[in-house]
Amino acid sequence: MSPSDPSASSAAPGPTPASSLSAHEDHLRALGLPMMLAPATRLRELLPRSAGFAVGLALLGVALAALDRSNDLAIEVMDRYDLTDVEAGGAGGAGADLPDDDTFWAELADAAEPIIELLALSIALAVVAPLLGWVVAKIARNVSRGAATALGLGSMLALVVVPVLTFTSANGPDLADTLLAAALVLVGTYLGAGSLLRWSARRVRLELGTMGPMVARVLPLVMLAVLFLFFSVELWQVMVALSWPRTFAVIGVILALTVLLVGITTRDDVRHELRERYSETPLRWTERANILLVPVLATLIQAALFATLVFAFFLFLGWTAVPETTEARWTQTPDNEPQGLMFGLPISVTLVRVALTLAAFSALNLAAAAASDAAHRARFVRPMIDEVVRGLDAREAYLVVRSRQARR
C-alpha cells in the first residue's frame, strides 16, 4: 500500500468476531458504508439517528425567522422615517432633508434597536444550531433505545412545528414545507447521508494532510497543459463576455465530465474486485451503489482539493503577472473601467472566471490521469480500491455476527 494512502494512516483497528453487533455497525458507518447495514436495523434507528439533524434544522428555522422579522422591521422604520431614498453623500436625496436635532436621531436609534437585537439573535442561533444538533445526536446515541426514539420523535415534531410558529410574515414556510423537510431528513437518515457526510469530512481532513505527494507529482504536468491557456488572449476575451450563469454552465459541463469519468473508471475497478470474491449473501443493489460511491467520493474529494489549489495559484499568478493595463488590452475594455470584485480588491471578475475554468479543467485532467496513468493509479487510486476490499471484509464479518446473534 502506498505510504501516502490516507486510509492506511487512519484506519483504526476493526472489530473482531467477538465484538458486539453494534461495534460492527459503527465500523461499517465509519467506512462510509451505511447501506451495508440490514434494512431492519436502519429502520429501527431512523428516529434516534435523525434527532440531531432535525433539531439543528429546527433551530436554523428560528434563526431565519428572526432574520425575516428584522428585515420587516427595517422596512417599517425606513417607511416611517422616509429613509427609502437616502443615499450616502447623495446630493438632492432625502438625506439632505433629514433633521439635525437630537430627538430625531434618538427616535431612530430606538427604532433600530430591535432590528439589531433580532440580527444578533439570528446570527447566534445559526452558530448554535449545528452545535446543538451535535449534542442531541450524541445524547441519542448514549441513552436507552426508548429514550432515543422519544428524543427523535420530539426533534421531528420540533422541525415540523417550530418554523411554522416562529415565522410571522406570509413568505415563511407552511406546514406542507416543514413536513416535506421532515420527510427528506428521514429519507436521508435511512440512506445513511449522515454517515457519508461524517466520512467525507474525515476524508477531507486526511487528504489535506497528504496533498504534498499528489501536488508534487501532478501539478507540474497540469501546469504544462493549462499554463499556456492562462496567457491566451482568446480565453480572456471569451471570459470577459460571459455572464456568471454561462460561466457556471461551462464549469458545470466540465465537472459533469469529471464525475462521469471517475464513475466509469471506478465502476470497472469495483466490478473486477467483486468478480474475484464470493459471498454467500450477494450484494443488494443499494450495497453495490454504496461500495461504488466510497471510492468515487474519495477521488472527487482529491480532485476538488486539487482544483481549489489550482484556482488559488492562478488567482495569485494573475494578480502578479497580469496588470490591469494588460488585461484591458487583452479583453478590449477601457482602462478606467472598474475591474475589482469589490472596492479595493485587486482581482478582476474576468480573472476569477478564468481561474475557475482552469481549475475545473485541472480536476478533469486529474481524473483522466487516474484513468490512464499506471503510476498515478498505483499510488493514488489503488489505495481507494483497497478500501473497497476492507469494506467487503467488514460486511462479511457483520453478517457473521448478525446471523450468530439471530440464532440465539
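Enquirer: Could you give me a rundown of the side chain of Glu 287, with the residues and numbers involved?
Expert: Tracing the sequence through the fold places Glu 287 in helix H12 (residues 285-321). Only 3.1 Å separates the side chain of Glu 287 from the side chain of Arg 395, close enough to count as a polar contact. Once residues lying within four places of it in the same chain are set aside, the contact partners of Glu 287 are Met 35, Met 36, Pro 282 and Arg 395.

Enquirer: An account of the pattern of salt bridges is needed here, citing residue identities and associated values.
Expert: Here the structure, examined in full by the defined rule, presents 10 salt bridges. A salt bridge links Glu 207 to Arg 203; the nearest nitrogen and oxygen atoms lie 3.1 Å apart. On the criterion of helical spacing, the pair formed by Glu 207 and Arg 203 is a turn pair, its members being four residues apart in helix H8 (residues 193-209). Each member of the pair, Glu 207 together with Arg 203, is buried. Of the charged contacts, one joins Arg 395 and Glu 287 as a salt bridge, the two residues approaching to 3.1 Å between their closest N and O atoms. With Arg 395 in helix H15 (residues 374-407) and Glu 287 in helix H12, this pair connects stretches of sequence that are 108 residues apart. The burial state of Arg 395 is the same as that of Glu 287; both residues are buried.

Enquirer: Would you mind going over the layout of surface pockets in detail, with residue names and values included?
Expert: Size it by volume and the largest pocket reaches roughly 1400 Å³. Breaking the lining of the largest pocket down by element, the ones donating at least two residues are helix H2 (21-30), helix H3 (39-44), helix H4 (46-80), helix H5 (102-141), helix H6 (145-166), helix H7 (175-190) and H8. The greatest single-element share of the lining of the largest pocket, amounting to nine residues, is contributed by H4. Across the lining of the largest pocket, the residue classes break down as 21 nonpolar, 14 polar and 12 charged.

Enquirer: Would you mind going over the confidence of the model for the chain in detail, with residue names and values included?
Expert: Here the chain averages 83 in pLDDT, and 85% of its residues register 70 or above. Across the chain, H7 holds the top mean pLDDT of 93, while helix H1 (residues 6-10) sits lowest at 43. With pLDDT under 50 throughout, residues 1-11 is counted as low confidence; its partners more than four residues away or in other chains account for 19 contacts. Across residues 86-96, confidence stays below pLDDT 50; counting only partners more than four residues off in sequence or on other chains, it has four contacts.

Enquirer: Can you break down the packing of helix H9 (residues 211-230) against helix H14 (residues 349-372) residue by residue, with the values?
Expert: Here H9 crosses H14 at 130°, and the two axes come no closer than 10 Å. Between H9 and H14, the interaxial angle falls into the category oblique. In this structure, H9 meets H14 at a crossing whose hand is right-handed. The segment H9 lies against H14, with Met 214, Val 218, Val 222, Ala 225, Val 226, Leu 229 and Phe 230 engaging Leu 351, Val 354, Leu 358, Phe 361, Ser 362, Asn 365 and Leu 366.

Enquirer: Hey, could you go over the UniProt feature "transmembrane region" (unreviewed entry) in the chain for me, with residue numbers and the actual values?
Expert: When the UniProt feature table is mapped to this numbering, "transmembrane region" (unreviewed entry) covers residues 46-67, 115-136, 148-167, 179-197, 218-242, 248-270, 291-321 and 341-367. Secondary structure within residues 46-67 divides into 100% helix and 0% strand; the distance between the first and last C-alpha atoms comes to 31 Å. Taken end to end, residues 179-197 comprises 89% helix and 0% strand; its first and last C-alpha atoms sit 23 Å apart.

Enquirer: Summarise the nonpolar core; cite the residues concerned and give the values.
Expert: With 34 residues, the main nonpolar core has Phe 230, Phe 306 and Phe 314 as its most contacted residues. Looking at this core, the elements that each hand over two or more residues are H9, helix H10 (233-241), H12 and H14. The residues touching Phe 306, leaving out its near neighbours within four places in the chain, are Met 211, Val 218, Leu 219, Val 222, Ser 362 and Leu 366. Within the second largest apolar cluster, 19 residues are counted, among which are Trp 199, Ala 298, Leu 392 and Val 401.

Rules used in this analysis
- Residues numbered from 1 in each chain as written.
- Predicted model: local features only at pLDDT ≥ 70, side-chain atom pairs only at ≥ 80, totals over all residues.
- Heavy atoms only, no water.
- Helix = DSSP H or I, 4+ residues; strand = E, 2+ residues; numbered from the N terminus.
- Polar contact = N/O pair within 3.5 Å; in protein donor to acceptor, adjacent residues only side chain to side chain.
- Contact = heavy atoms within 4.5 Å.
- Salt bridge = Lys/Arg side-chain N within 4 Å of Asp/Glu carboxyl O.
- Buried < 20%, exposed > 50% of the residue type's maximum accessible area, 1.4 Å probe, protein only.
- 1 Å grid on protein atoms, 1.4 Å probe; cavity = no way out; pocket = protein on both sides within 12 Å on 5 of 7 lines; lining within 4 Å.
- Points joined across faces, edges and corners; volume = space filled by probe spheres on them.
- Nonpolar A, V, L, I, M, F, W, Y, C, P; charged D, E, K, R; others polar.
- pLDDT = per-residue confidence, 0-100.
- Axes fitted to C-alpha atoms, helices over the stretch in contact; angles between N-to-C directions.
- Parallel < 35°, antiparallel > 145°, perpendicular 65-115°, else oblique.
- Left-handed = near helix turned anticlockwise from the far one by under 90°.
- UniProt positions renumbered as here; feature names shortened; annotations may be inferred.
- Core = buried A, V, L, I, M, F, W, Y, C linked by side-chain atoms within 4.5 Å.

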